[in-house]
Amino acid sequence: GYTLVIALDCGIKESERVDYASSKGIDFIICDHHQAGETIPSAVAVLDPKRPDCPYPFKELSGCGVGFKLLQAFALRNDIPFELLVPYLDLVAVSIASDIVPITGENRILAHFGLKRLNSDPRQGLKSIIDISGIKGKEIFISDIVFRLGPRINAAGRIEKGKTAVDLLVAENLTEADTISRQINEDNNTRKDIDRAITQEAMALIAGSDEMLKRKTTVLYNPNWGKGVVGIVASRLIEIYYRPTIVLTESNCLVTGSARSVEGFDLYKAIESCSHLLESFGGHIYAAGLSLKKENLAAFIEEFEKNVADTITPIQQIPQIAVDLKLNLADINPKFYRILKQNL
């Protein structure tokens, strides 16, 4: 009986599925921020600042940020006061911080006012997860979302099901929210144990292979690894072996997983160059997801290694420390601290 689907943070490469939905009388509005493919889906609307023909001036919105733009446009078109959208800014701030998009331009503005909302009047679900994260009564910064709130919210989908996190974020009853947040906190503890164990297994595989140690990439596969944590494991491995990394497991009869990159290297482009071996893929310059048939895995590993080895520069293989400017001790004063807090 449904006639409209609004896809958030996904859909930019799903032309076939959108066409199928259209044949069933279902319209699609896509709100995405990932790289577009050669064909833009034939949806009612495709909002994505990264699509080549999009004139929107700020390109780094989070997926939730694109959704908020849709709400803004809907409100403008229907004479709905902007004040009615303000309660959603706490979610936008959580999205910006958790998705690690650049906090510049419009993201900085949205994060600033979203943090104000998060500190003054957060929705029940976020209030509950703030309490269980041990930061109740303290001023919340972007770093608190990155390291405390975001991982707990994400843990629900990594361990059990993402709907639990949705139930938390839309909960209107604090008792219900507290129950869900306790479960999510347990999921997060489980997630930590699992990703720690898988990371150790992965490190042992690399350390035990002279060939793998010499490579410019890390690509690992184990059908027993949890799909929900392979992206985290990939990030951990980059901290140890600084090179483009893909960690794969098995799901729905396909080899599937997550990829992470190093500073300055376009991981998405390297994966795209192997697209003839893949069933699906999508993502950004620094992070991507992919799936392929098991019989194509060996060929993919070799082709991905060759593509990266041919294009990665020496400087991209060395961990970088970003230094903005030199700072005199005398410049560290209360005013400096107030300005610094705006970007935390």
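Each residue is numbered by its place in its chain's sequence as written, counting from 1. The predicted nature of this model means local features are confined to residues of pLDDT at least 70 and side-chain atom pairs, given and counted, to a pLDDT of 80 or more, with totals for whole chains, interfaces and linings taken over all residues. The side-chain numbers reported here are obtained from all heavy atoms of the structure, hydrogens and water having been left aside.

K.L.:
So what about the sheet that holds strand β1 (residues 4-8)? Which residues, and what values?
P.N.:
Any two strands with at least two DSSP-identified bridges between them are counted as paired. Secondary structure follows DSSP: runs of H or I at least 4 residues long count as helices, runs of E at least 2 residues long count as strands, and numbering of each begins at the N terminus. Ordered by their spatial adjacency, three strands build an open sheet running β1-β2-β3, and the pairing between neighbours is parallel. Of all the strands in the sheet, just β1 and β3 (45-47) have a single pairing partner and so form its edges. Between one strand axis and the next, the sheet turns through 15 degrees on average, direction left out of account. In the sheet, β1 pairs with strand β2 (residues 27-31) via five bridges, with the strands oriented parallel. By the bridge assignment, A7 is partnered in β2 with I30. Running at roughly 120 degrees to β2, helix α2 (residues 63-77) makes contact with β1, β2 and β3 of the sheet. Lines fitted to the C-alpha atoms define the axes, with helices restricted to the stretch that makes contact. Angles between their N-to-C directions range from 0 to 180 degrees. Contact between two residues is taken to exist if any of their heavy atoms lie within 4.5 Å; hydrogens are not considered.

K.L.:
Now, about the sheet that holds strand β4 (residues 218-221): what can you tell me, with residues and values included?
P.N.:
Spatial strand order, β4-β5-β6-β8-β7: five strands in an open sheet with mixed pairing. Edge positions in the open sheet fall to β4 and β7 (280-283), since each of these has one partner strand only. The sheet shows a mean angle of 15 degrees between the axes of neighbouring strands, direction not considered. Two strands pair when backbone bridges link them, and β4 and strand β5 (residues 245-251) are joined in this way by four bridges, in the parallel orientation. Looking across to β5, one finds that T218 is bridged to T245.

K.L.:
Can you tell me about the pattern of salt bridges, naming the residues and giving the values?
P.N.:
Salt bridge, as used here, is a side-chain nitrogen of Lys or Arg placed within 4 Å of a carboxyl oxygen of Asp or Glu. Summed over all chains, the structure comprises 15 salt bridges. Between K69 and E106 there is a salt bridge; the shortest N-O distance is 2.4 Å. Here K69 is found in helix α2, whereas its partner E106 is found in helix α4 (residues 105-120), with 37 residues between them in sequence. Each member of the pair, K69 as well as E106, is classed as buried. A salt bridge links D310 to K306; the shortest N-O distance between them is 2.9 Å. With D310 and K306 both in helix α12 (residues 297-311) and four residues apart, the pair spans about one turn of that helix. Among the residues examined, K306 registers a relative accessible area of 52% and is labelled exposed. Connected via shared salt-bridge partners are E211, R215, E302 and E305. Burial classes follow relative accessibility: with a 1.4 Å probe on protein chains only, a residue under 20% of its type's maximum area counts as buried, one over 50% as exposed, and anything between as partly exposed.

K.L.:
Please give an account of the packing of aromatic side chains that cites residues and values.
P.N.:
Ring pairs shown here join Phe, Tyr and Trp side chains whose ring centres sit within 6.5 Å, with only the six-membered ring taken for Trp; geometry is labelled stacked below 30 degrees between planes, edge-to-face above 60, and tilted in between. Within this structure, the stated rule accounts for three aromatic pairs. Considering the side-chain rings of F68 and F82, the 6.4 Å spacing of their centres and the 85 degrees angle between planes classify their relative orientation as edge-to-face. Here the residue F68 occupies a position in helix α2, and F82 occupies one in the loop between α2 and α3 (89-98), the gap between them amounting to 14 residues. Of the residues examined, F82 reaches a relative accessible area of 40% and is grouped as partly exposed. Seen in terms of ring centroids, F300 and F304 are 5.7 Å apart; in terms of plane orientation they differ by 15 degrees. Their pairing is stacked.

K.L.:
With reference to specific residues and values, describe the environment of R236.
P.N.:
Tracing the backbone through its elements, the reader meets R236 in helix α10 (residues 230-240). Separated by 176 residues in the primary sequence, R236 and E60 place their C-alpha atoms 24 Å from one another. Once residues within four sequence positions are removed from consideration, R236 is found in contact with R191, D195 and T199. Two N or O atoms form a polar contact when they lie within 3.5 Å of each other; inside protein one atom must be a possible hydrogen donor and the other a possible acceptor, and for residues adjacent in sequence the pair counts only when both atoms belong to side chains. Within polar-contact distance, the side chain of R236 engages the side chain of D195 at 3.4 Å.

K.L.:
Quick rundown of the environment of D187? Include the residues and the values.
P.N.:
Along the polypeptide, D187 turns up in helix α8 (residues 174-207). When its relative accessible area of 4% is taken as the criterion, D187 is described as buried. Once the C-alpha coordinates of D187 and A155 are considered, the two residues, 32 residues apart in sequence, prove to be 5.7 Å apart. Leaving out residues up to four positions away in the same chain, D187 has contacts with A155, A156, I159 and E160.

K.L.:
Tell me about the state of the cysteines, and name the residues and values.
P.N.:
We call a pair of cysteine sulfur atoms a disulfide when they lie within 2.5 Å. All told, the structure shown has zero disulfides when counted by the stated rule. The closest cysteine sulfur to the non-disulfide-bonded C54 is located on C31, 12 Å from its own sulfur. Residue class for C54 comes out buried when judged on its relative accessible area of 19%.

K.L.:
Summarise the packing of α3 against helix α6 (residues 142-159); cite the residues concerned and give the values.
P.N.:
α6 packs onto α3 with a crossing angle of 95 degrees between their chain directions and a minimal axis gap of 9 Å. The angle between α3 and α6 falls in the class roughly perpendicular. Counted together, A93, V94, A97 and S98 of α3 and I142, I145, V146, G150 and I153 of α6 form the full contact between these two elements. Orientation categories follow fixed angle ranges, with anything under 35 degrees roughly parallel, anything over 145 roughly antiparallel, 65 to 115 roughly perpendicular, and all other angles oblique.

K.L.:
Please set out unusual backbone geometry residue by residue, giving values where relevant.
P.N.:
In the Ramachandran plot, D79 falls in the positive-phi region, its phi being about 55 degrees despite a non-glycine side chain. For D79, the location among the structural elements is in the loop between α2 and α3. One non-glycine residue, N252, lies in the positive phi region at around 50 degrees. Taking relative accessible area as the criterion, N252 reaches 71% and is therefore assigned exposed.

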